[in-house]
Amino acid sequence: MWATVTTSLIAELRGPPQAVGDRQWLIQGSEPHPALGASTFWGCWAPPAMTANPGQALSALLLTLLLGLMHAVTAISFLGGQPSISPVGPIRRTTPENPVPFSCTAGPFSSSDFNVTWMKDRDKHPASAQRLVTDNKGNYSVTSKVWVTLCRQDILSEMTCEVTHRALAEPLRRSMNLSRVLQVVPTLKITTKPSAMQIHVHQRVNLTCHVNHFYPSCLLLIWMENRHKVQTVESPQHTWQVEVMLDGREFACWAVQDEQPPVQANITLRVQASRLQKGISSYSSALQGPLRHSEPGTNIPLTFTSSGFSTGQVTVTWLKNSHQLLKSQTSIHPCGDTYNVASSVLILLQADDVQSLVHCQVKHISILVSQKTIRLEQYLRVPPTVTVSQSSHSLDVVAVTCHVQRFYPQNVHLSWLENCHMFKGAVQPSSKQNSDGTYTLESLHLVNASVWESERVLTCKVQHETQPPIQASLILSTAVQDTCKLIGSTGPEMPALILMAFLLGFKVVLVISFIATYFHRWWNL
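Right, let's walk through the structure included here. Predicted model, so just to flag it, every value in this text is computed and none were measured.

### A closer look at the overall build of the protein
- Regarding its fold elements, the protein presents four helices and 34 strands.
- A buried classification covers 34% of the 525 residues belonging to the protein.
- In the protein, 62% of the contacts between residues at least 6 apart in sequence involve partners at least 24 apart.
- As displayed, the protein has an accessible area near 31,700 Å², and 56% of this comes from carbon and sulfur atoms.

Written out as structure tokens, the structure is:
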């Protein structure tokens, strides 16, 4: 239709080309665009002041601008209607043996006869959930979700989402590298040079921390001496020179990756007396726990390993907050001229273990040679309790409060939704620490009650670490609005009530006086 109208207008306005000097006004014919299938007009023109008919030239110029605008709108609408695909992975890295979610959204499509396929490298993975959405134009979009359990070899793997539809010449396909979401926890080892049997008191010793088999490459090494930080380096292998003293020292190397609990290796250099000479006894030890956080009610293993004991007379004692743990297992194995010790214990996590400590005491020939302490907070995750309440601030404002109580660690993300639509620009409230070490957070949202037309569902959504979100909802209806207004109403004015009571009492007194007078006169008669 547009092509017919504009072509006729051009024919009327065009006429024969009019030359003015070396310039001429000319609107050339229409040509079909190969991609858009519409007519595109190309023109060259001289300034209107140079033509024989300025009014006709101005009209033709306006028409050319209109056709160019039509061409741009047509191209934008054509490009905007093309189906696209958008995959999304987890926002934080995860260690092997843990499942992680991936989602994929594709659309728009003219019909719902499409198929979504997930593949890890060349292996197909079944989707765990699929949701179909229809917009106001009748187009369809699909969102598919899949859970994948990571392994150490997934650094070179990728997840692919593929969508097929009868209107597509080729399937829509996007891939994500699993190396972006994988985190491999390192293994640590401390070595000495020269060896412990060849050094003497006040001799300087090189301690080397070896960090192996980790991903990604960004990592911090922290050297500790007697539980005090000494230095921090950004290297997977570092050598530190120390001096051996008579009182003995405990050295530790911590490897820190992102927000994961640090992995550490320890070594203790202690002087002991022997029959022949004074030498050095070196105990290399490590105290480690699980590589991920666990919720209350979960048993987590803690393991202590040590080597370099001259005899097998070694005892290991576990304590939690100064109370001895009896269910522990300790094994002693000879290794050449020395003995190695391994001990493990199961700890039942509780919600109030944020401030709990576990001690591991090691005695050799009844002499305390090592005591290590570990905080349970680095292995504990307390999920929050989410509730929503409401109160009336005034006639037209309702305050809705989201209570997020007793959670740990501190990092949570809170968002408000109204009828499944997220509020934009909401400010993240700050959390407060409780006396037991957990955190509490409250978020206030004010709702304008004067514009209610139907039920409104307000939802508070809380994301705690990488766990599935926890949410609580509150339904607000027009009936609630009327109730709020009724509660907020102050009622009739107090002076009016007093006046009404006075008039009513006066009438009662008049009636009683009339009756008394009547009976008095009747009695006298």
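### Some thoughts on the sheet that holds strand β6 (residues 114–120)
- Pairing is antiparallel across the open sheet formed by four strands, whose spatial order is β7-β6-β10-β11. The open sheet is flanked by β7 (123–125) and β11 (172–177), the only strands paired with a single partner. The sheet shows a mean angle of 30° between the axes of neighbouring strands, taken without regard to direction.
- Of the pairings in the sheet, the one linking strand β10 (residues 158–165) to β11 comprises six bridges and is antiparallel in character. Across the sheet, Cys-161 pairs through a bridge with Arg-174, a residue of β11.

### A closer look at the pairing of β6
- For β6, the buried fraction is high: six of the seven residues fall into the buried class.
- As paired strands, β6 and β10 are joined by seven bridges and run antiparallel to one another. For Asn-115, the partnering residue across the bridge sits in β10 and is Thr-164.
- In sequence, β6 turns back onto β7 through a hairpin of two residues, with Asp-121 there showing a positive phi of about 60°.

### What about the pattern of salt bridges?
- Tallying each qualifying case throughout the model produces seven salt bridges.
- Residue Arg-166 is joined to Asp-113 by a salt bridge in which the shortest nitrogen-to-oxygen separation is 2.9 Å. Pair noted here: Arg-166 is in the loop between β10 and β11 and Asp-113 is in the loop between β5 (99–109) and β6, with a separation of 53 residues, a long-range link.
- Looking at Arg-166, the relative accessible area reads 62%, which means it is exposed.
- Accessibility expressed as a relative area gives 39% for Asp-113, which makes it partly exposed.
- The shortest N-O distance in the salt bridge between Asp-353 and Lys-320 comes to 3.1 Å. Of this pair, Asp-353 sits in the loop between β24 (338–348) and β25 (357–364) while Lys-320 sits in strand β21 (residues 314–320); the two residues are 33 residues apart in sequence, bridging distant segments of the chain. For the pair shown, Asp-353 and Lys-320 are each scored as buried.

### What to know about the sheet that holds strand β32 (residues 439–448)
- Pairing is antiparallel across the open sheet formed by four strands, whose spatial order is β27-β28-β32-β31. Where the open sheet ends on each side, the last strands, each with one partner, are β27 (385–392) and β31 (432–433).

### Focus on the nonpolar core
- Judged by nonpolar contacts, the single largest core of 42 residues is most densely connected at Leu-302, Trp-318, Val-362, Val-400, Val-404, Leu-414 and Cys-460.
- If you tally residues by element for this core, the top one is strand β28 (residues 397–407), at five residues.
- When residues of this core are assigned to domains, at least three fall in each of domain 3 (285–378) and domain 4 (385–475).
- If we skip the residues at most four places from it in the chain, Val-400 touches Val-388, Ser-389, Gln-390, Trp-416, Ser-443, Leu-444, His-445, Val-447, Leu-458, Leu-474 and Leu-476.
- Grouped together as the second largest cluster of nonpolar side chains are 23 residues, Val-100, Val-116, Leu-150 and Cys-161 included.

### Notes on the packing of aromatic side chains
- Under the counting rule described, the total for this entry stands at three aromatic pairs.
- Plain terms: the ring middles of Phe-109 and Phe-114 are 5.3 Å apart, the flat faces sit at 40° to each other, and that makes the pair tilted. Assigned by exposure class, Phe-109 and Phe-114 land together as buried.
- A ring pair is formed by Tyr-408 and Tyr-439, whose centres lie 6.1 Å apart and whose planes are at 15°; its orientation type is stacked.

### A closer look at the state of the cysteines
- Applying the stated criterion across every chain yields a total of three disulfides.
- Between the sulfur atoms of Cys-104 and its disulfide mate Cys-161 the distance is 2.2 Å. Every disulfide takes its handedness from the sign of the S-S torsion; for Cys-104 and Cys-161 that torsion is -85°, giving left-handed. In this pair, Cys-104 is assigned in strand β5 and Cys-161 in strand β10, connecting sequence segments 57 residues apart.
- Across the disulfide, Cys-209 is cross-linked to Cys-253 (sulfur-sulfur distance 2.0 Å). The sign of the -80° torsion about the S-S bond sets the Cys-209-Cys-253 disulfide as left-handed. Taken as a pair, Cys-209 in strand β13 (residues 204–212) and Cys-253 in strand β17 (residues 249–256) lie far apart in primary sequence, 44 residues in all.
- Here Cys-253 falls in the buried class, since its relative accessible area comes to 0%.
- For the protein, numbering the cysteines in disulfides from first to last along the sequence yields the connectivity 1-2, 3-4, 5-6.

### A look at a nonpolar patch on the surface
- Judged by side-chain polarity, Val-511, Phe-514, Ile-515, Tyr-518, Phe-519, Trp-522 and Trp-523 come together as a nonpolar surface patch covering roughly 920 Å² of accessible area.
- With a relative accessible area of 51%, Tyr-518 lands in the exposed category.

### Remarks on the side chain of Ser-157
- With respect to the secondary-structure elements, Ser-157 resides in the loop between β9 (140–149) and β10.
- Excluding anything up to four places from it in sequence, Ser-157 contacts Lys-120, Asp-121, Met-176, Asn-177, Leu-178 and Ser-179.

### Here's the deal with the environment of Pro-101
- Relative to the elements of secondary structure, Pro-101 occurs in strand β5.
- Exposure remark for Pro-101: the relative accessible area of 27% places this residue in the partly exposed category.
- Measuring from C-alpha to C-alpha, the distance between Pro-101 and Ser-128 comes to 9.5 Å, with 27 residues separating the pair along the chain.
- Residues contacting Pro-101, with those up to four places away along its chain left out, are Gly-89, Pro-90, Lys-145, Val-146 and Trp-147.

Calculation criteria
- Residues numbered from 1 in each chain as written.
- Predicted model: local features only at pLDDT ≥ 70, side-chain atom pairs only at ≥ 80, totals over all residues.
- Heavy atoms only, no water.
- Helix = DSSP H or I, 4+ residues; strand = E, 2+ residues; numbered from the N terminus.
- Buried < 20%, exposed > 50% of the residue type's maximum accessible area, 1.4 Å probe, protein only.
- Contact = heavy atoms within 4.5 Å.
- Areas by Shrake-Rupley, 256 points an atom, 1.4 Å probe, with all protein chains shown as cover.
- Pairing = 2+ DSSP bridges.
- Axes fitted to C-alpha atoms, helices over the stretch in contact; angles between N-to-C directions.
- Salt bridge = Lys/Arg side-chain N within 4 Å of Asp/Glu carboxyl O.
- Core = buried A, V, L, I, M, F, W, Y, C linked by side-chain atoms within 4.5 Å.
- Domains from an automatic or database assignment.
- Phe/Tyr/Trp six-rings, centres within 6.5 Å; stacked < 30°, edge-to-face > 60°.
- Disulfide = S-S within 2.5 Å.
- Patch = residues over 30% accessible without salt bridge, like charges linked within 9 Å, V, L, I, M, F, W, Y side chains within 5 Å.

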